[in-house]
Amino acid sequence: MNTKVKHWLEDETIDIFLGYKIVDGHPLPHCFTKERIEELEDLIVGQARYSLEKIATHITTVNPDIKIGMLARDCNQRALNVLFIWNQLNPENIETININCCPSNLKEHGDCSYLEPETAGVYKKQVGVDNNLQPEDVEKHDQPQRLTRWMYEFQKCIKCYGCRNICPVCFCTECSLEHKELVDPGTLPPEIPIFHLVRAVHMAGRCIDCGLCEDACPVDIPLRLLYRKVNEIVVNVFDYQTGASAQQSPFNILGDTVTLEPKPLESVETQN
Amino acid sequence: MQCKIVPSVCSYCGTGCGILFEVIDGKINSTLPLKTHPVNEGKLCIKGWNLHEHVNSFMRLKKPLVKTSGRFITTEWDEAIGLTADRFSEIIQKYGPDSVGVLVSAKLTNEENYLAQKFARAVIGTNNVDHCARL
Ligand code: SF4
Ligand code: SF4
Ligand code: SF4
Ligand code: SF4
């Protein structure tokens, strides 16, 4: 890993490399450069997971032509695919070193939907919600019960916008969650359920199930479960696995072809 | 092109959440929660998430202002501190040290709060020390 990055930096395949380094005892994202190549000795995979691709988009905004290398867990790779589709990053300017999920030797211990995990990742502290809840788990309960529970969860919201801020695929310059016509400003909790549902709708075909939003939510709202449900519908209706590739998304209206094409009707599951 | 991730502590309240500043080309671009910090464990409130905005705000005062003939005039620290010391001495001489009070804040560090009470007791000579949370 270190040798490869070193080569990349030296032969100018990349200008900077985003990885992790221990600073004051904390594994922090770190930007490695050719000028300080000796720092590469400290390059680690990092036990805490940050959205390096979000940092990359911020760097790209300031410096559009910069070539960035980064460590990429599965979730980072999926997020990159979505960012390529939505023209937030140019695939030609990004190189990745693919690493294991939520650092574990075994991928089964990874913590996201594409890996069908049995238990939560070892490094993930489980507080409040079960981070691996699947829509089927809660659909055992009847509808009024689910509604009550969701409203209970939503009213805990302190409107910190952490879920949006930390999300690798939330990049809008004007966010609907701050739009006063949609979400009445100045009240706590924010208008529910609309605040959470607006975001949930936006996550259709965009959320790559990294779980960072749920990690960042101070009041443990099972946000990931909500977006899993939304994307289950996306899979059923459009046969589209968000982030699985950098192929155009059915939700992307830019480009030459209109792609909002549902799956043939007979295969749409009419479950709800 | 320079990009640094700088760990720090939120200065907005006494909780002291761990944060990371994303600094691109010398400008604080955004704030992130420090995921391994024992206090906040990767979470922040809305104030913490927006720390960079108050650093970058055009309304931020970067130099002391002294009110002269009803108008605020920009000055240097030495002059501003000198002026404040002179006025304090005058007031203390005329009305006694208990005419002065010192308000500390959760936005300061423990050490700064310690220094502030030391300043009140040892320099000014008063026990009038209180905290902004009681205002
Ligand atoms: S899991 Fe949360 S943070 Fe991750 S992509 Fe989905 S909405 Fe964004
Ligand atoms: S919540 Fe919606 S509008 Fe806001 S940044 Fe995310 S996708 Fe954009
Ligand atoms: S992170 Fe949680 S508390 Fe903060 S705005 Fe999102 S849902 Fe609300
Ligand atoms: S992030 Fe919020 S709770 Fe944490 S120290 Fe800052 S103001 Fe206080």
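Here the structure is shown first, and the text comes after it.
Because the structure is a prediction, the values reported are computed rather than measured. Here the residue numbers are simple positions, counted from 1 along each chain's written sequence. Whichever chain is written first is A, and whichever ligand is written first is 1; the rest continue in order. Under the rules for a predicted model, residues below a pLDDT of 70 receive no local features and side-chain atom pairs below 80 are neither given nor counted, while totals for whole chains, interfaces and linings still include all residues. Side-chain measures were taken over the full set of non-hydrogen atoms in the model, leaving aside hydrogen atoms and water.

### Digging into the site of ligand 2
Defined as follows: If a single non-hydrogen atom of a residue is within 4 Å of a molecule or strand, that residue counts as near it. Residues are sorted three ways: Asp, Glu, Lys and Arg are charged, Ala, Val, Leu, Ile, Met, Phe, Trp, Tyr, Cys and Pro are nonpolar, and all the rest, Gly among them, are polar.
Lining the immediate surroundings of ligand 2 are Arg164(A), Cys170(A), Cys172(A), Cys175(A), Ser176(A), Leu177(A), Arg199(A), His202(A), Met203(A) and Arg206(A). For the shell around ligand 2, a count of residues per class yields 5 nonpolar, 2 polar and 3 charged.

### Comments concerning the packing of helix α7 (residues 194-202) of chain A against helix α9 (residues 223-238) of chain A
Residues and elements named next belong to chain A. Keep this limit in mind: Axes here refer to lines fitted to C-alpha atoms; in helices the fit is confined to the stretch in contact. Angles between the N-to-C directions go from 0 to 180 degrees. Helix and strand assignments follow DSSP, with helices taken as H or I runs no shorter than four residues and strands as E runs no shorter than two, numbered in order from the N terminus. Note that the term roughly parallel is reserved for angles under 35 degrees, roughly antiparallel for angles over 145, roughly perpendicular for angles of 65 to 115, and oblique for everything else. What makes a crossing left-handed is the near helix being turned counterclockwise from the far one by less than a right angle; a clockwise turn instead makes it right-handed. Contacts are residue-level and defined by heavy atoms, with any inter-residue pair within 4.5 Å sufficient.
At their nearest, the axes of α7 and α9 sit 9 Å apart, and the two run at 50 degrees to each other. By the criterion of interaxial angle, the relationship of α7 to α9 is oblique. Two packed elements cross with a definite hand, and for α7 against α9 that hand is right-handed. When α7 is examined against α9, the residues His196, Arg199 and Ala200 are found in contact with a partner set consisting of Leu223, Leu226, Tyr227 and Val230.

### Quick notes on the pattern of salt bridges
Rules: Here, a salt bridge means any Lys or Arg side-chain nitrogen found within 4 Å of an Asp or Glu carboxyl oxygen.
Applying the stated rule across the entire model yields 15 salt bridges over all chains. A network of salt bridges, in which partner residues are shared, links Lys21(A), Arg36(A) and Glu39(A).

### Structural notes on the pairing of strand β3 (residues 27-33) of chain B
All names here are of chain B. Rule in force here: Throughout, exposure labels follow a simple rule: accessible area from a 1.4 Å probe, protein chains only, divided by the maximum for the residue type, with under 20% read as buried, over 50% as exposed, and the rest as partly exposed. Note: two strands are recorded as paired if DSSP finds a minimum of 2 bridges between them.
For β3, the tally of buried residues reaches 5 of 7 residues, placing the bulk of the element in the interior. Two strands pair when backbone bridges link them, and strand β2 (residues 18-24) and β3 are joined in this way by 6 bridges, in the antiparallel orientation. What sits directly across from Glu22, in β3, is Ser30. Hairpin remark: β2 followed by β3, antiparallel, with 2 residues in the connecting loop; positive phi at Asp25, about 50 degrees.

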